[in-house]
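This is what each chain is made of:
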Amino acid sequence: MRLPELARAALIVGLACASALLAGGAARAAGEGSLFRDMVCRDMADIPGEFDFANSFVGLAGCDRLCLDATFVCLRAVTEATTCQLAFANDWIAFDSRLDCDGLSGTRLRDCKAGWALDRQTWRAFIKNQRLFAASSCLNAGSSCRGSCSGH
Amino acid sequence: MTRAPLPLLRLLPLCLAALFALAPLAARADEDPNDPNSPLGSGNPCFDASKVADSLSLESSAEDPNDPNAPPIVTGFFSALPDCAKLCDKAGKLCETFAKRAASCETRYADDRFRFNVRTECEGLHGADLKTCSQQFESAHQTRSQRAADKLAAVVSACGTRSADCAGRCNAAP
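Note that this is a predicted model, so its numbers are computed, not measured.

Observations concerning the overall build of chain A
Part 1 of the argument: Helices and strands together make up the secondary structure of chain A, namely five helices and zero strands.
Part 2 of the argument: For chain A, the α and β elements follow one another from N to C terminus as α-α-α-α-α.
Part 3 of the argument: Split into buried and exposed, the 152 residues of chain A put 36% on the buried side.
Part 4 of the argument: Long-range pairs, those at least 24 residues apart, make up 84% of the contacts in chain A between residues at least 6 apart in sequence.

Concerning the environment of Arg 42 of chain A
Part 1 of the argument: Among the secondary structure elements, Arg 42 of chain A is positioned in the loop between helix 2 (23-32) and helix 3 (47-50).
Part 2 of the argument: Judged by C-beta crowding, with 26 C-beta atoms within 10 Å, Arg 42 of chain A ranks as buried.
Part 3 of the argument: Distance in space between the C-alpha atoms of Arg 42 of chain A and Phe 133 of chain A is 14 Å, their sequence separation being 91 residues.
Part 4 of the argument: Residues contacting Arg 42 of chain A, with those up to four places away along its chain left out, are Ile 47 and Ala 81 of chain A together with Pro 45, Cys 46 and Phe 47 of chain B.

Focus: the environment of Cys 170 of chain B
Residue and element names in this part refer to chain B.
Part 1 of the argument: Mapping Cys 170 onto the fold places it in helix 4 (residues 127-172).
Part 2 of the argument: Under the C-beta neighbour-count criterion, Cys 170 is labelled partly exposed, with 19 such atoms within 10 Å.
Part 3 of the argument: Taking the C-alpha atoms as reference points, Cys 170 and Cys 88, separated by 82 residues in sequence, lie 8.7 Å from one another.
Part 4 of the argument: Once residues lying within four places of it in the same chain are set aside, the contact partners of Cys 170 are Gly 76, Phe 78, Ser 79, Cys 84, Ala 85 and Cys 88.

Brief notes about the packing of helix 4 (residues 63-100) of chain A against helix 5 (residues 106-151) of chain A
Residues and elements named next belong to chain A.
Part 1 of the argument: Where helix 4 contacts helix 5, the axes come no closer than 9 Å and their chain directions differ by 170°. Judged by the angle between their axes, helix 4 and helix 5 are roughly antiparallel.
Part 2 of the argument: Here the residues of the contact of helix 4 with helix 5 are counted per class, giving 21 nonpolar, five polar and eight charged.

With respect to the confidence of the model for chain A
Part 1 of the argument: Chain-level statistics for chain A give a pLDDT mean of 82 and a share of 77% at 70 or above.
Part 2 of the argument: Per-residue pLDDT stays below 50 along residues 1-32 of chain A; that stretch engages in 40 contacts with residues further than four places along the chain or on separate chains.

Here we look at the packing of helix 4 of chain A against helix 3 (residues 84-121) of chain B
Part 1 of the argument: One way to put it is that helix 4 of chain A packs onto helix 3 of chain B with a least axis distance of 12 Å and a crossing angle of 175°. In terms of their interaxial angle, helix 4 of chain A and helix 3 of chain B are classed as roughly antiparallel. In contact with Leu 66, Ala 70, Val 73, Glu 80, Cys 84 and Asp 91 of chain A of helix 4 of chain A, helix 3 of chain B contributes Leu 94, Arg 101, Cys 105, Asp 112, Phe 116, Arg 119 and Thr 120 of chain B.
Part 2 of the argument: Residue composition of the contact of helix 4 of chain A with helix 3 of chain B, by class: seven nonpolar, one polar and five charged.

Considering the environment of Val 74 of chain B
Residue and element names in this part refer to chain B.
Part 1 of the argument: Along the polypeptide, Val 74 turns up in strand 2 (residues 73-76).
Part 2 of the argument: Accessibility expressed as a C-beta count within 10 Å gives 12 for Val 74, which makes it exposed.
Part 3 of the argument: For the pair formed by Val 74 and Glu 123, sequence separation is 49 residues and the distance between their alpha carbons is 59 Å.
Part 4 of the argument: Excluding residues within four positions of it along the chain, Val 74 makes contact with Glu 59 and Ser 61.

Structural notes on helix 5 of chain A
Part 1 of the argument: Helix length check: helix 5 of chain A (46 residues) gives 68 Å between terminal C-alpha atoms against 68 Å at 1.5 Å per residue, within 8%.
Part 2 of the argument: Every buried residue of helix 5 of chain A is accounted for by Asp 119, Trp 123, Phe 126, Gln 130, Arg 131, Ala 134, Ser 137, Cys 138, Ala 141, Gly 142 and Cys 145 of chain A.

What counts, and where the lines are drawn
Residues numbered from 1 in each chain as written. Chains lettered and ligands numbered in written order. Predicted model: local features only at pLDDT ≥ 70, side-chain atom pairs only at ≥ 80, totals over all residues. Helix = DSSP H or I, 4+ residues; strand = E, 2+ residues; numbered from the N terminus. Buried ≥ 20, exposed ≤ 12 C-beta atoms within 10 Å, placed from the backbone. Contact = placed C-beta atoms within 7 Å. Axes fitted to C-alpha atoms, helices over the stretch in contact; angles between N-to-C directions. Parallel < 35°, antiparallel > 145°, perpendicular 65-115°, else oblique. Nonpolar A, V, L, I, M, F, W, Y, C, P; charged D, E, K, R; others polar. pLDDT = per-residue confidence, 0-100. Expected span 1.5 Å × (residues − 1).

Next comes the structure, spelled out in structure tokens:
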């Protein structure tokens, strides 16, 4: 499969999945309003693509060290985005559940809170998985960079 | 209100694969035409702080049941809650927190770009030579840092306005 076709296919699957992920929140946003319209953090999956240092240090005496440090910058950006997204998920669910469960009592309140707790757990797991993939991309970029140092 | 279940788990592997495949294709979010040649790349891994306040909703709109052609009725997100004003205040502070987070990322990344420019372009230099060499990158560094600070000031103000608007709708609530 050529790259544009692969990208298109990935985009379709990604959009379908994002819709599924946000289905609950979007439904609430349309019917009830919500605290945020959009995400206020970077998507971890996009972060490694913002870096391009594979050949930046070729020929320099400190090439290996620079590659390592650049990898750390990439990893730090991924960690920051992860922290931001985890906070966003917590805040979103805290506010929306507060509204959603308002006025309920007894079993219905318990069920309402349990449902939101499950959403939170699923969301956090998704974020942490994304972090792993993004961090892996940073490490791969670092390896390519160091490979360029020794291959020169 | 019945909560919609999240049909996520079945699609999670596909989703992660798609996001992973798309990562290298992502558009560069904030390329600076005045400073395109960072050894780290020309992209920006930070969220744009100026978009935080606009992302805050704090209101919902619904069709007028008596007149579908009338403009939608806008109500505050927390209007019906007894602690509405407190929640609006909290939402405003949250807005500030996310704005600060984004601005801090931009400031740190400006420092990173400067540091890597100096380490690559001024390698082996010391003293006055190093200082002279590094000065060529100082302007872009200052511009980026200042831009982050300016964005933050504007967004903090916008967060305050949104929070006050939200609290204003509390008073209008039945």
